[in-house]
Amino acid sequence: MRVHSQSDRLQAQSGKYSIQVTMQKRNWKSSTFFVVISATGGLVLCSAIFSIINLPLLTPAGLASLFNLVLLTFAASRFTVPLTGTDGVSQSRKSVADTLVFLAVMLYAIPPTDTAGPATLLAAIVGYMSTYRLSSRRDSIFTTAIAVISTFVSASCYGMLVGFFTDNPNIGLEGGLPLNVFLIPVCVLAILQYVLSTLATASFLRIEEGKARVLPSQESIVWTLTTQVAGAASAVLFYSAIRGSGLPYVLLGLLNTSLVHLLYRFNEKRFEEIRRGEEEKRKHSEEMATIHMNTIESLAIAIDAKDQTTHGHVRRTQIYARQMGNLFEVNESELRALVAGALLHDIGKLAVPEYILNKPGKLTEAEFAKMKIHPVVGGDILRRVNFPYPVEDIVRYHHEKWDGSGYPKGLQGKAIPLVARIISVVDFYDATRCDRPYRKGMKREDSLALLESMAGTAFDPRVVRKFVEHVLEFDALIDAGDIREQVHCESLQVDYLTSTKPDAGLASDVIGGPYDTSGFRSITQAQREVFALHEIAQTIGSSLSINDTVTLVTNKLRAIVPFDTCVIFVVDEKSGKAVAAHVDGQHAELFARRRMNVGDGITGWVIANARSMCNASPELDLVGMSEDVSKQYRGVLVSPLLREDGAFGAITLLSKKLTSYTTEHVRLLESVCQHASNALNNALTFEKTKESALVDPLTELPNARAFYMMLEQRIAEGQRMNREELALISMDIDNFKRINDEYGHAIGDRVLGSIAGVIRRELRQMDILTRYAGDEFVAIMPMASTQMAASVGERIRRAVEAQKFAVRTGKTVEIRLSLGVGCFPQDGETSEELLTAAARKMQRDKHGRKTLLTLAEAPASAIEVSR
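Analysis parameters
Residues numbered from 1 in each chain as written. Predicted model: local features only at pLDDT ≥ 70, side-chain atom pairs only at ≥ 80, totals over all residues. Heavy atoms only, no water. Helix = DSSP H or I, 4+ residues; strand = E, 2+ residues; numbered from the N terminus. Expected span 1.5 Å × (residues − 1). Buried < 20%, exposed > 50% of the residue type's maximum accessible area, 1.4 Å probe, protein only. Contact = heavy atoms within 4.5 Å. Pairing = 2+ DSSP bridges. Polar contact = N/O pair within 3.5 Å; in protein donor to acceptor, adjacent residues only side chain to side chain. Axes fitted to C-alpha atoms, helices over the stretch in contact; angles between N-to-C directions. Left-handed = near helix turned anticlockwise from the far one by under 90°. Nonpolar A, V, L, I, M, F, W, Y, C, P; charged D, E, K, R; others polar. Patch = residues over 30% accessible without salt bridge, like charges linked within 9 Å, V, L, I, M, F, W, Y side chains within 5 Å. Areas by Shrake-Rupley, 256 points an atom, 1.4 Å probe, with all protein chains shown as cover. Salt bridge = Lys/Arg side-chain N within 4 Å of Asp/Glu carboxyl O. Core = buried A, V, L, I, M, F, W, Y, C linked by side-chain atoms within 4.5 Å.

### Points about helix α26 (residues 745-762)
Given 3.6 residues to a turn, an α-helix orients residues that are three or four positions apart in the same direction.
Phase 1: With 18 residues, α26 ought to run about 26 Å at 1.5 Å a step, and its terminal C-alpha atoms sit 26 Å apart, in line with that.
Phase 2: Considered for burial, the residues of α26 that qualify are I747, G748, V751, L752, I755, A756, V758 and I759.
Phase 3: Looking at the buried positions of α26, the neighbouring elements they touch are β9 (726-733), α25 (736-743), β10 (768-773), β11 (776-782), α27 (786-802) and β12 (805-808).

### Some points on the pairing of strand β3 (residues 565-571)
Phase 1: Of all 7 residues that make up β3, 6 are buried, and the element is covered over most of its length.
Phase 2: Across 7 bridges, β3 lies against strand β4 (residues 577-585) in antiparallel orientation. Opposite I568, over in β4, you have H582 as the bridge partner.
Phase 3: A loop of 5 residues connects β3 with β4, the two strands running antiparallel in sequence, and G576 in this loop sits at a positive phi of about 75°.
Phase 4: Where β3 meets strand β8 (residues 646-655), 6 bridges bridge the pair, whose relative direction is antiparallel. Residue V567 lies in a different strand from β8, and its bridge partner there is T652.

### Observations regarding the side chain of D427
Phase 1: Within the fold, D427 resides in helix α15 (residues 418-433).
Phase 2: Here the side chain of D427 touches H345 through a polar contact of 3.3 Å, side chain to side chain.
Phase 3: Setting aside its immediate chain neighbours within four residues, D427 contacts H313, T317, H345, D346 and H398.

### Considering the packing of helix α10 (residues 332-344) against α15
Phase 1: The geometry of α10 relative to α15 is characterised by a closest axis approach of 10 Å and an angle of 35° between their N-to-C directions. The handedness of the crossing between α10 and α15 is right-handed. Facing E334, L338, G341 and A342 of α10, the residues of α15 in contact are V419, I422 and I423.
Phase 2: Its residues assigned to classes, the contact of α10 with α15 shows 5 nonpolar, 1 polar and 1 charged.

### Regarding a nonpolar patch on the surface
Phase 1: Side chains of I191, V195, L199 and V229 sit close together on the surface and give an oily, nonpolar patch of about 310 Å² of accessible area.
Phase 2: The element best represented in the nonpolar patch is helix α6 (residues 179-209), accounting for 3 residues.
Phase 3: Looking at where V229 falls in the secondary structure, it is placed in helix α7 (residues 218-245).

### Topic: the nonpolar core
Phase 1: Counting residues in each nonpolar core, the largest one holds 41 residues, and the members touching the most others are M324, L338, L382, V391 and F467.
Phase 2: When contributions to this core are tallied by element, the ones reaching two or more residues are α9 (313-327), α10, α13 (374-385), α14 (391-397), α15, α16 (444-453) and α17 (461-481).
Phase 3: If near-sequence neighbours (up to four positions away) are discounted, L382 is found in contact with L344, I347, F387, V391 and V395.

In structure tokens, the structure reads:
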């Protein structure tokens, strides 16, 4: 698995590199296209301005009308709708001010003026104003140039079409165009302008991003084109009003434009919610895939522990299966199934007694019947997991034979799923290559000869042929990954009376102990361990609550590792100490108060070194506890909770019965810790994020979001308590920008924190001070009248203005504070009303103090003159 993941990363990196090189090669094309369009747009715009200056009918009244049209265009240009691509990314924007561009075309692009200049000028304004704050300068210039060119071309076509539909050269002087004349030209104008601008933008993006096609989404085309046509319709209504139809047409035009724009906005929000929902589903699917893989790893560990003679079998089978899947070009779902199925295909053996699995001689008929149940049991187990790919088929049918003589269902030929046929071949090959209690392993040539002899009867001939052709390549991968049969090592017993050390190591499995059955774990115990690990992998991340997570871990851990007391320690980031986050078992009240330095005791050593440890003296971890309690415990096992930057906690198990934990116990606890680490880290991150979302990191005061939450709560309490008074003090630091500009933002932040401390000291203990925004603070004062709040406010002002705030060595500054008071219910009954009232009074106070300061600093002669 590790070899494959590294290959995937290398392929991804090489893919990114090739994209970068391709984009560099194509940059000159996009730059050339940009320069050509920009230059053309600039020339057209200059021509348009020149034509406006030389208009034959540019009277003062006509100039005023054109000027008003320009002002309206500036005002309306910010009301835009995005034109998004099929990938959901905004490509450009269409503005409701296009209506005014169309109106300018209708007014000026026909005789007697017969010029597209005004419309082109307005299009330039719209193109620039609608994008200059939303895009880069390059994008704004390109969008403006496209708008200029497309409008000039469209306006020219409009003038020609009007001439085509009427023979009267002075029709523009005779009260305007009739409906039957300008209807088709206006529609052509709107659609042509839209098509030209859209195609040009799409072409530029295609060259810029190096994609074969970069087109707007179908939904975006429908809505933006609707907006465009609605703009043209509104322009017709405005035109009719100008030519004498009156105010109702103006109102209809405004209503039409507003309704279409609002409807688009509503639809845009709706689809944005849909996109967010799809993104959440995608993230959920990825999380579920991670959980499934965690489940697979946990179950594979249990399978290895069950069948002690074939520990490496499932991992080798996984490599064979993955490579065969690639050769047969199976789809992604089937490839995932092969990877998982290779690990889990023998999971059903958990229900087979170990004496049968490891019997040296030939199985009896009854024993073989028991062995044959493992595909069915495995399939039933995985059915509960509900994998999104066909893992169950592999596990249930990997002992079916090509001629129909297999089990459990006797499927024949292609009725057996391809993934199961692949697993059966690679499973058989590796099983014959390895030593088993009932026979010796074969050489590669002998194993392949046996496999080929069974093609067409037991195995799919095509799968066998493909495997034989590439088996050397597969075995080379196994050699590279250093995956081989594990060698059983003898474990040394630790003399705890003479050599108890933090790195004393692990105890060996104690044969004949209370948790051993004739050298093998019982079937019931094995199944309980597997299901406990599976359930932990499935449910441990279901909650972001720390309490829920640690409770789940301890409850499931009890089923697979014995203990009398379990303590989950988490390192507190502020104190740096390991704190007991949860205790289960005996003496829970005593252990819940445990605090220890990282590096001290067994748990501290495990956290510091990110390594498990067991069978040291428990007293090393029980320093400070009463002797009556500490002497009751005989065994200890501790494993770290790990994340990328190291250990952030540990799970400590203490036993009164066991004098030593086994390597099996260590392996199981480490597996649980692996799953628990991710869930606990996510829960801690969630708690930290939730806290930081309500606290200003600079002043450590509640932020604006927390302010509104607390104020709403206080107002609700006041309403329940017969309109109990509540006051707000809105405070703003005068000319604080000067400190930031003169001394830098770092000094400004430090001064701001000091000011917050001064204000906090002047408030009552029950009052709540918040940093509302920037250099503005708001205090919530429950059960305070306007007079009390005003008095406290003046006290705060005096305290702040009397304080000297250090900005440099030997340099201090004085701060002036403006404030205003709002009181519930006199000044308002909602949070917005109260804050608005307090802020308004604060602004009046600021203005008044500024006026007094100006008068105080002005020369006496100036004051006399002003009188």
